Structures are given as structure tokens and as C-alpha cells.
Amino acid sequence: EAGVAQSPRYKIIEKRQSVAFWCNPISGHATLYWYQQILGQGPKLLIQFQNNGVVDDSQLPKDRFSAERLKGVDSTLKIQPAKLEDSAVYLCASSLGLAGGLIGEQFFGPGTRLTVL
Amino acid sequence: AQSVTQPDIHITVSEGASLELRCNYSYGATPYLFWYVQSPGQGLQLLLKYFSGDTLVQGIKGFEAEFKRSQSSFNLRKPSVHWSDAAEYFCAVAGKGFKTIFGAGTRLFVKA
């Protein structure tokens, strides 16, 4: 079974530029998550999708970050314009979903390391 | 509000020695608790999880964790550490809405 795919693996941009990350979850997984992991910290949830609807985006800086999951499968996360403090690893994860009222195990991709200069 | 505290930023143990990584959580009801491991350049991998029932849970790679409600703790243990266990370990809690909150992590160093 293929895992969660992310691209690119690394990205270096200058501040005020824009960047986009792509995630393809495990086939059949209804729930998709984007996390931001700053060096030395644990992952912080940015946005959670259930199929193509947003479940939680309370910690997404909506003035510069956006995410979509148009067909309920793959997803893109965009930052425009980027700031120095956006330097982090962006992790995508997926799970079967909230079936049966139990939280599903999250499977993580390898992440995209973003450096903003 | 949910929160997770991992008091130890890093721990060093000798290969073959036992290991205990501490995790304390804050949540108003019975939480869902997890331990993940992250090796350098890799994504997070689930080691084990607690939802309900037996408070001692077994995971992969010989790890186990014990849920202690009275202490709001979910410590991770392994009886004999291998060099390949060197990694970063994250405790996480999920509650209402299944939003998952991660701790800051504990980096494990294993010395020969």
C-alpha cells in the first residue's frame, strides 16, 4: 500500500514570495491534515479536511495561508506571501476518518522542508 | 483546553538499558492518547495509542505505555533500548472534534 506522498521535499524561497505544497493521501482515506512543524517543536495542526470539507482551520493564518481539497483526494497548501517565520517542515497526514466515532490512526508523509530567506 | 507536556527535551541512555519517556496531558474528559516516533528526515510513525480499556498498551518495536488518570500521565517505556531507537518521540492527545495536540518532543540519544 502506497503511503502519503508529498512534494516537493525541499523548497527555498525569499520572503514575500509565494509557495505551494502538494499532498496525495493514502487511497480511501477520508480525512486529511496539514501540520506545521517548526524546528524544536511538535507538529501544529493547520487544517483538517473530511472529504472535501473543512473540519478545523482555527490555527491557519488565513491572511496568508490557504488550502484546498477540491475532489476529496489530494490537497494543496499555499503560502502567499511568505514570511521568515514560515520556515518549517509542512507535514501532511491522512486517516480513514471518524468512522464509528473513533479517531483514526494518522499516517504521515515525509514532509516538505521550507526555508524562507 | 487540551495540552501536552513532555518535560524532557532530550534523554541519553546506553544501549540495552531501559527507557522511560514522560508525558503529561491536560484534558477535561477521557482523552485519546498517542505516542509517535520521528526519525531524521522521516515522517511521524505511530508507536501506540490509548482509547479506553486496559491502561497498559503495547505498541510496535517493543514499546509500551501506561495511562494513569490520577497523574494525567501517559509515559512510554521500553525494557531494552537498541541503537536504532535513537529518534524524536512525540506524545499527543486528541479530544473534542478529534483535534490532535502534540507535545514538543523528546529527543532520544543512544550510546554504545
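Our subject is the structure that appears above.
Computed from a predicted structure; not experimentally measured. (Residues numbered from 1 in each chain as written. Chains lettered and ligands numbered in written order. Predicted model: local features only at pLDDT ≥ 70, side-chain atom pairs only at ≥ 80, totals over all residues. Heavy atoms only, no water.)

Trainee: Tell me about the overall build of chain A, residues and numbers included.
Mentor: Looking only at helices and strands, chain A features zero helices and 11 strands. Beginning at the N terminus, the succession of helices and strands in chain A can be written as β-β-β-β-β-β-β-β-β-β-β. Over its C-alpha trace chain A gives a radius of gyration of 14 Å, about what one expects of a compact globule, namely 13 Å for 117 residues. Overall size of chain A, expressed as C-alpha extent along the three principal axes, is 45 × 30 × 30 Å. When burial is assessed residue by residue, chain A has 45% of its 117 residues classed as buried. For chain A, contacts bridging at least 24 residues in sequence account for 55% of all contacts bridging at least 6. Accessible area of chain A: about 5,800 Å², with a carbon and sulfur share of 52%. (Helix = DSSP H or I, 4+ residues; strand = E, 2+ residues; numbered from the N terminus. Rg over C-alpha atoms; globule rule 2.2 N^0.38 Å. Buried < 20%, exposed > 50% of the residue type's maximum accessible area, 1.4 Å probe, protein only. Contact = heavy atoms within 4.5 Å. Areas by Shrake-Rupley, 256 points an atom, 1.4 Å probe, with all protein chains shown as cover.)

Trainee: Tell me about the pairing of strand E6 (residues 44–50) of chain B, residues and numbers included.
Mentor: All names here are of chain B. Along E6, five of the seven residues are buried, which leaves the element largely enclosed by surrounding structure. Pairing of strand E5 (residues 32–38) with E6 involves six bridges; the strand directions are antiparallel. Residue Tyr-36 lies in a different strand from E6, and its bridge partner there is Leu-46. The loop that links E5 with its antiparallel partner E6 comprises five residues; one of these, Gly-41, has a positive phi angle of about 75°. (Pairing = 2+ DSSP bridges.)

Trainee: Could you give an account of the pairing of strand E10 (residues 87–94) of chain B, naming the residues involved and the relevant values?
Mentor: Along any regular strand the residues' side chains alternate between the sheet's two faces. All names here are of chain B. Most of E10 is tucked away, with eight of its eight residues classed as buried. By the bridge criterion, three bridges tie E10 to strand E12 (residues 106–111) in an arrangement that is antiparallel. Paired with Glu-88 across the bridge in E12 is Arg-107. Pairing of E10 with strand E11 (residues 100–102) involves three bridges; the strand directions are antiparallel. From the neighbouring strand, Val-93 faces E11, where its bridge partner is Ile-101.

Trainee: A description of the interface of chain A and chain B should follow, citing residues and the corresponding values.
Mentor: Taken together, the contacts link 22 residues of chain A with 20 residues of chain B. The tally of links from chain A across to chain B stands at zero salt bridges. Counting the contacts that link chain A with chain B gives two residue pairs in polar contact (both at pLDDT 80 or more). Going through the elements one at a time, strand E4 (31–37) and strand E5 (44–50) of chain A are the ones with two or more residues in the side of chain A that touches chain B. In terms of residue class, the side of chain A that touches chain B is made up of nine nonpolar, 10 polar and three charged. (Salt bridge = Lys/Arg side-chain N within 4 Å of Asp/Glu carboxyl O. Polar contact = N/O pair within 3.5 Å; in protein donor to acceptor, adjacent residues only side chain to side chain. Nonpolar A, V, L, I, M, F, W, Y, C, P; charged D, E, K, R; others polar.)

Trainee: Account for the packing of aromatic side chains, naming residues and giving values.
Mentor: Under the defined criterion, the tally for this structure stands at 15 aromatic pairs over all chains. Both rings, one in Phe-65 of chain A and one in Tyr-90 of chain A, keep their centres 6.4 Å apart while their planes meet at 40°; by these two values the pair is tilted. One end of the pair, Phe-65 of chain A, is in strand E7 (residues 65–68); the other, Tyr-90 of chain A, is in strand E9 (residues 88–95), and 25 residues separate them in sequence. Tyr-90 of chain A matches Phe-65 of chain A in its accessibility class, with the two residues each being buried. Taken together, Tyr-33, Tyr-35 and Phe-108 of chain A together with Tyr-32, Phe-34, Tyr-36, Phe-51 and Phe-102 of chain B form an aromatic cluster joined through their ring pairs. (Phe/Tyr/Trp six-rings, centres within 6.5 Å; stacked < 30°, edge-to-face > 60°.)

Trainee: Talk me through the side chain of Asp-56 of chain A; I want residue IDs and the actual numbers.
Mentor: With respect to the secondary-structure elements, Asp-56 of chain A resides in strand E6 (residues 53–56). There is a polar contact of 2.8 Å between the side chain of Asp-56 of chain A and the side chain of Ser-58 of chain A.

Trainee: Residues and numbers for the state of the cysteines, please.
Mentor: Under the defined criterion, the tally for this structure stands at two disulfides over all chains. Each disulfide pairs two cysteine sulfurs, and for Cys-23 of chain A the partner residue is Cys-92 of chain A, the sulfurs being separated by 1.9 Å. Handedness of the Cys-23 of chain A-Cys-92 of chain A disulfide follows from its S-S torsion of about -70°: it is left-handed. Placement of the pair is Cys-23 of chain A in strand E3 (residues 19–24) and Cys-92 of chain A in strand E9, with a sequence separation of 69 residues. Across the pair, exposure class does not vary: Cys-23 of chain A and Cys-92 of chain A are buried alike. Two residues, Cys-23 of chain B and Cys-91 of chain B, share a disulfide whose sulfurs are 1.9 Å apart. One quick way to see it: the torsion about the S-S bond of Cys-23 of chain B and Cys-91 of chain B is about -65°, and its sign makes the bridge left-handed. Here Cys-23 of chain B, found in the loop between strand E3 (19–21) and strand E4 (24–26), pairs with Cys-91 of chain B, found in strand E10; they are 68 residues apart in sequence, far enough to count as distant. Side by side, Cys-23 of chain B and Cys-91 of chain B carry an identical accessibility label, which is buried. (Disulfide = S-S within 2.5 Å.)

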